[in-house]
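What follows is each chain in one-letter form.
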Amino acid sequence: MDIDYAPEDEAFRAEVRAFIAENKPKIVADKRARGEELTREDYLAWHKACYKKGWAAPKWPVEHGGTGWTVTQKYIWGEECAKGEVIPPLPFGMSMLAPVIMAYGSDAQKAEVLPKILSGDVWWCQGYSEPGSGSDLASLKTKAVREGDHYIVNGQKTWTTLAQHADWIFCLVRTDPDVKKQMGISFLLIDMKTPGITVNPIITLEGGHEVNEVFLDNVKVPVENRVGNENEGWTYAKFLLSHERSGIAGVASSKRSIEKLKTIARTEFSNGVSLWDDADFRSNISDISIQLTALEYTELRTLASESAGKGPGPEASLLKVRGTEIGQRIDELVVEATGYYSMPFRGGPATDSNVFPVGPEYADGVAGTYFNDRKTSIFGGSNEIQRNIMAKAVLGL
Amino acid sequence: MDFSFTEEQTLLRNSVQRFIQDKYDIEARRKIINSEEGMSRDNWNAFAELGLLMAPFPEEYGGLGGDNIDMMVIMEEFGKGLVVEPYLQTVVLAGSFILHGGSEDQKQTLIPEIAGGEKIYAVAFAEPQGRYNLADLTTKAEKSGDGYTINGYKAVVLGGPWADKLIVTARTSGGERDEDGVSVFIVDKSADGVSTRDYPTVDGLRASEITFENVSVGADALLGKEGKGLGLVEKVFDIGIAALCAEGCGALRVLTDSTVEYCKTREQFGQPIGKFQVLQHRMVDMFMETEQMISMTYMVNLKLDESDVERKKAASAAKVQLGKSGKFVGQSAIQLHGGMGMTDELHVGHFFKRVTMMDTLFGNVDHHLKRYTSLDA
């Protein structure tokens, strides 16, 4: 056992830091800190900078454009990126679809899809959930009927993150309604410009537009856009979900949030004493920091076993559950620390954008972040479902 | 011992309930909060007609002779509709300031204006550096002639944009956090030197940042004794906490009932999700938290007229319960509604946001745990 970084790792860290300092899109970071809505260009700015450097996809194999970094280097990269508050390349293409294409896609799909994910030229979104199929994803009803060289797809997807910007969607569809629900699903790649696709925004409780409903009405999809075999989509879907969960621990981003919390605690005063010097509040910060340390070492152990050749297993559920619980707890503490200035709402009918912000700059959007992050224990398989997975797959119950 | 309501209180509850059912579903509320003013004057007039604005005041000042329990009943029903109109600010807080701190003249003049729906109030107490300490004031009122000149800044004044008059806490003597030297004034919002920056809040209300620059008020603007106002301020905010807790009870009840209803109808894996034991236990915990909140709300409302120490302890205890129960029930309601709970469309998210902000208003869990501890002999 050894947790020290080798000198070459420290050198790598310095190189990464310098690159981030030079190329970080500053305006985007500011917007994000204020909880403002980002444009398509904002989301892609950092991705494009990394692509130019050849660092867009550290987790990919070298043959597809990966960096060939060691596990430690990848970890350092993730840590520094989070510290630098950059927006990582969108996960839908990079971390979710790409591994599926690499494992199960045709050569033509590999050649077409992967380079455009790597360059950030094609934006993917995920067509999994439906109004009647959330936790019970395999019950999905969107159906695809084969007609010659095409499938005709009809149905509705929901909670589709950032579909308003997306060029393509990967969809789970039912191709055989007469078998056990997991056995009749296929995995299709669909161009969002195909006639019959409508995207409607879903406004979330904090007022943002991140998720959407996607309606598919007689959408014609070429058969060659199916990934793998017909009716075996559930296998690929589960493979993708395991990738969705690894990396969801959010250790680096929680570390950053704790730093923000500490800054606020040093600035907010109660009875002339800063919250930082308030034993009760400090104890809250310590408690969450300790929880985060436990998670961090759990993630490091997972990474170590991944690099030893084991794929992310059901333990990834642990990272998701604890990662989201810790992130949500930090949000609570940030709102608590901010006090009355967590109440003002930016946006809404009575707001004049020239007038905002009121209160200290760090107060901007803290309540919105707290409200919005409640989603993290719901999406990607709710935390209840993750516990079920661990009960069954890890504990054998 | 008797926890039952009088016939009048039951009638009062029924009439507020009917109003909420008829006029205050989530769509109606959405229209109100998205309107330019952000509240409904029609609703305010309806409150006046229903007698809600006069309910807690003595008859000699144009009231109906009710008490804290009437206020509790009204606020609980308001909580079920997330009413945004400034009942808490005007009737509960300003009304109590005048009733418990005002001279006979002030009561005779000002309370009938509130009871009749003619004047709306906001209470300007918080300051950026002061957090939840009601005595931590940099706003100053200096004697000038017969009256005072007020200078200072007040943060997040809820209901500020709608107010005709402001209750303002200011220091007339002493250091920034001294107990002595706090005074309470009534200031016309239209007075020279009062400037406001209005904005919406995350929970659907409106608030203002208010600057006072050489604002002149007469001697009759002072409520209570000069420099001895902190006791009054604490009492009134404890009454406010009792009313806020009642509003919280209404909101928690809706969150719990809606969640149970949703889990009975939402099907996954071929059955209603309410059949899953892990969700059943969570809902039972929501139910228990709601019941504890209701009990604490009765407790604080029954103790408002006891000794200062008893009253303060009761208010802080209830406010701690509100912060904790509100967080648990609110977060659980969102979690069990899944993605739907995250939408602006469904009512649950709006209740969650309001309940979350209730913890901040008048001091959060940490603040009231400390206050309780300091009083617990």
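Cut-offs and rules
Residues numbered from 1 in each chain as written. Chains lettered and ligands numbered in written order. Predicted model: local features only at pLDDT ≥ 70, side-chain atom pairs only at ≥ 80, totals over all residues. Heavy atoms only, no water. Helix = DSSP H or I, 4+ residues; strand = E, 2+ residues; numbered from the N terminus. Buried < 20%, exposed > 50% of the residue type's maximum accessible area, 1.4 Å probe, protein only. Arc of directions from axis to C-beta. Contact = heavy atoms within 4.5 Å. 1 Å grid on protein atoms, 1.4 Å probe; cavity = no way out; pocket = protein on both sides within 12 Å on 5 of 7 lines; lining within 4 Å. Points joined across faces, edges and corners; volume = space filled by probe spheres on them. Nonpolar A, V, L, I, M, F, W, Y, C, P; charged D, E, K, R; others polar. Buried area = accessible area lost by both parts, 1.4 Å probe. Salt bridge = Lys/Arg side-chain N within 4 Å of Asp/Glu carboxyl O. Polar contact = N/O pair within 3.5 Å; in protein donor to acceptor, adjacent residues only side chain to side chain. Patch = residues over 30% accessible without salt bridge, like charges linked within 9 Å, V, L, I, M, F, W, Y side chains within 5 Å. Areas by Shrake-Rupley, 256 points an atom, 1.4 Å probe, with all protein chains shown as cover. Pairing = 2+ DSSP bridges. Domains from an automatic or database assignment. Phe/Tyr/Trp six-rings, centres within 6.5 Å; stacked < 30°, edge-to-face > 60°. Disulfide = S-S within 2.5 Å.

## Let's talk about the environment of B:Leu322
Moving on, step 1. Inspection of the secondary structure puts B:Leu322 in helix H9 (residues 308–337).
Moving on, step 2. For the pair B:Leu322 and B:Ala377, spaced 55 residues apart in the sequence, the C-alpha separation amounts to 23 Å.

## A look at helix H2 (residues 26–34) of chain B
All names here are of chain B.
Moving on, step 1. Every buried residue of H2 is listed here: Ile26, Arg29, Arg30, Ile32 and Ile33. The buried side chains of H2 occupy one side of the element, clustering within an arc of 165° when seen end-on.
Moving on, step 2. Where H2 is buried, its residues contact helix H3 (41–49), helix H4 (68–81), strand S7 (206–217) and helix H10 (347–360).

## Some details on unusual backbone geometry
Moving on, step 1. Residues other than glycine seldom take positive phi values, yet A:Asn218 does so here, at roughly 50°.
Moving on, step 2. Following the sequence through the fold, A:Asn218 ends up in strand S7 (residues 209–222).
Moving on, step 3. Located in the positive-phi region is B:Phe269, a residue other than glycine, with phi close to 55°.
Moving on, step 4. Mapped onto the fold, B:Phe269 is located in the loop between strand S9 (267–268) and strand S10 (271–272).

## Topic: the layout of surface pockets
Any empty space left between the atoms is revealed when a probe the size of a water molecule rolls over them.
Residue and element names in this part refer to chain B.
Moving on, step 1. Its volume calculated, the second largest pocket comes out at about 800 Å³.
Moving on, step 2. Those elements that provide at least two residues to the lining of the second largest pocket are helix H7 (230–265) and helix H11 (365–375).
Moving on, step 3. Broken down by element, the lining of the second largest pocket gets its largest block of residues, seven residues, from H11.
Moving on, step 4. Across the lining of the second largest pocket, the residue classes break down as 13 nonpolar, 11 polar and 13 charged.

## Quick look at the interface of chain A and chain B
Moving on, step 1. Contact residues are listed per partner, giving 55 residues for chain A and 57 residues for chain B.
Moving on, step 2. When the area that chain A buries against chain B is broken down by residue, the three leading residues are A:Leu205, A:Tyr340 and A:Met343, summing to 20%.
Moving on, step 3. Inspection of the chain A/chain B interface yields five salt bridges.
Moving on, step 4. In this structure, A:Glu332 and B:Lys327 form a salt bridge, with 2.7 Å as the shortest nitrogen-oxygen distance.
Moving on, step 5. Summed over the shared surface of chain A and chain B, the number is 24 residue pairs in polar contact (both at pLDDT 80 or more).
Moving on, step 6. When residues of the side of chain A that touches chain B are traced back to their parent elements, those giving at least two are strand S6 (197–203), strand S9 (269–270), helix H9 (279–307), helix H10 (316–338), helix H11 (366–372) and helix H12 (383–394) of chain A.
Moving on, step 7. With six residues, H10(A) is the single largest residue contributor to the side of chain A that touches chain B.
Moving on, step 8. Partitioned by chemical class, the residues of the side of chain A that touches chain B number 26 nonpolar, 18 polar and 11 charged.

## Topic: a nonpolar patch on the surface
Residue and element names in this part refer to chain A.
Moving on, step 1. Together, Val394, Leu395 and Leu397 give the surface a local cluster of nonpolar side chains, amounting to about 340 Å² of exposed area.
Moving on, step 2. Counting through the fold element by element, Leu397 comes out in the segment after H12.
Moving on, step 3. Residue Leu397 is classed as exposed on the basis of its relative accessible area, which comes to 73%.

## Observations concerning empty space enclosed by the protein
Residue and element names in this part refer to chain B.
Moving on, step 1. Taken as a whole and assessed by the stated rule, the structure comprises four cavities of 30 Å³ or more.
Moving on, step 2. Approximately 140 Å³ is the volume attributed to the largest cavity.
Moving on, step 3. If you go around the largest cavity, you meet 16 residues; those closest to its centre are Val83, Val84, Glu85, Leu88 and Gln89.
Moving on, step 4. Counting residues per element, the ones that place at least two in the lining of the largest cavity are H4 and helix H5 (87–101).

## Some thoughts on the pairing of strand S5 (residues 185–191) of chain A
Residues and elements named next belong to chain A.
Moving on, step 1. Buried residues dominate S5, accounting for six of its seven residues.
Moving on, step 2. The sheet contact formed by strand S4 (residues 168–174) and S5 spans seven bridges and is antiparallel. Looking across to S5, one finds that Leu172 is bridged to Phe187.
Moving on, step 3. Two elements, S5 and strand S8 (residues 226–227), share two bridges in a ladder whose sense is antiparallel. Bridge assignment links Phe187 to a residue of S8, and that residue is Val227.

## Details of the pattern of salt bridges
Moving on, step 1. Inspection of every chain in the model, using the stated rule, returns 46 salt bridges over all chains.
Moving on, step 2. In this structure, B:Glu234 engages B:Arg371 in a salt bridge whose closest nitrogen and oxygen atoms are separated by 3.1 Å. Of this pair, B:Glu234 sits in helix H7 while B:Arg371 sits in helix H11, and the two are 137 residues apart along the sequence. Each of the two residues, B:Glu234 as well as B:Arg371, counts as buried.
Moving on, step 3. Shared partners join several salt bridges into a network, and the residues in it are A:Glu10, A:Arg13, A:Arg17, A:Glu79, A:Glu80, A:Lys83, A:Lys255 and A:Glu296.

## Let's talk about the domain arrangement of chain B
Residue and element names in this part refer to chain B.
Moving on, step 1. Each assigned domain of chain B is listed here: domain 1 (7–120), domain 2 (122–228) and domain 3 (231–375).
Moving on, step 2. The distance between the C-alpha centroids of domain 2 and domain 3 comes to 30 Å.
Moving on, step 3. Domain 2 puts 13 residues into the contact, and the matching count from domain 3 is 14 residues.
Moving on, step 4. Both sides of the domain 2 and domain 3 interface together cover about 1100 Å² of buried area, and 75% of this is carbon and sulfur.
Moving on, step 5. For the interface between domain 2 and domain 3, the tally reads one salt bridge.
Moving on, step 6. Counting every contact that joins domain 2 to domain 3 gives one residue pair in polar contact (both at pLDDT 80 or more).
Moving on, step 7. Tallied by class, the residues present in the side of domain 2 that touches domain 3 amount to nine nonpolar, one polar and three charged.

## Here's the deal with the domain arrangement of chain A
Residues and elements named next belong to chain A.
Moving on, step 1. Domain annotation for chain A reports domain 1 (7–89), domain 2 (124–232) and domain 3 (246–394).
Moving on, step 2. A C-alpha centroid distance of 21 Å is found between domain 1 and domain 3.
Moving on, step 3. In this assembly, 11 residues from domain 1 lie in contact with 14 residues from domain 3.
Moving on, step 4. Of the roughly 980 Å² buried between domain 1 and domain 3 on both sides combined, carbon and sulfur atoms contribute 58%.
Moving on, step 5. Across the pair Glu79 and Lys255 runs a salt bridge, and its minimum N-O distance is 3.1 Å.
Moving on, step 6. On the surface where domain 1 and domain 3 come into contact, there are three residue pairs in polar contact (both at pLDDT 80 or more).
Moving on, step 7. Going through the elements one at a time, helix H2 (26–33) and helix H4 (71–83) are the ones with two or more residues in the side of domain 1 that touches domain 3.
Moving on, step 8. It is H4 that contributes the most residues to the side of domain 1 that touches domain 3, six residues altogether.
Moving on, step 9. Partitioning the side of domain 1 that touches domain 3 into residue classes produces four nonpolar, one polar and six charged.

## What about the packing of aromatic side chains?
All names here are of chain A.
Moving on, step 1. Summed over all chains, the structure comprises 32 aromatic pairs over all chains.
Moving on, step 2. With a centroid separation of 6.4 Å and an interplanar angle of 50°, the aromatic rings of Phe12 and Trp55 are classed as tilted. Residue Phe12 is located in helix H1 (residues 7–23), and its partner Trp55 is located in the loop between helix H3 (40–53) and H4; the two are separated by 43 residues in the primary sequence. When sorted by exposure, Phe12 lands in the same class as Trp55, which is buried.
Moving on, step 3. Seen from their ring centres, Phe19 and Trp55 are 5.0 Å apart, and the 65° between their planes marks the pair as edge-to-face. One end of the pair, Phe19, is in helix H1; the other, Trp55, is in the loop between H3 and H4, and 36 residues separate them in sequence.

## Quick word on the state of the cysteines
Moving on, step 1. Scanning the model with the defined rule gives zero disulfides over all chains in all.
Moving on, step 2. A:Cys125 supplies the cysteine sulfur nearest to A:Cys171, a cysteine that is in no disulfide, at a spacing of 7.5 Å.

## A few points about the side chain of B:Glu77
Residue and element names in this part refer to chain B.
Moving on, step 1. Looking at the secondary structure, you find Glu77 in helix H4.
Moving on, step 2. Looking at Glu77, the relative accessible area reads 1%, which means it is buried.
Moving on, step 3. Excluding anything up to four places from it in sequence, Glu77 contacts Arg13, Val16, Gln17 and Ile20.

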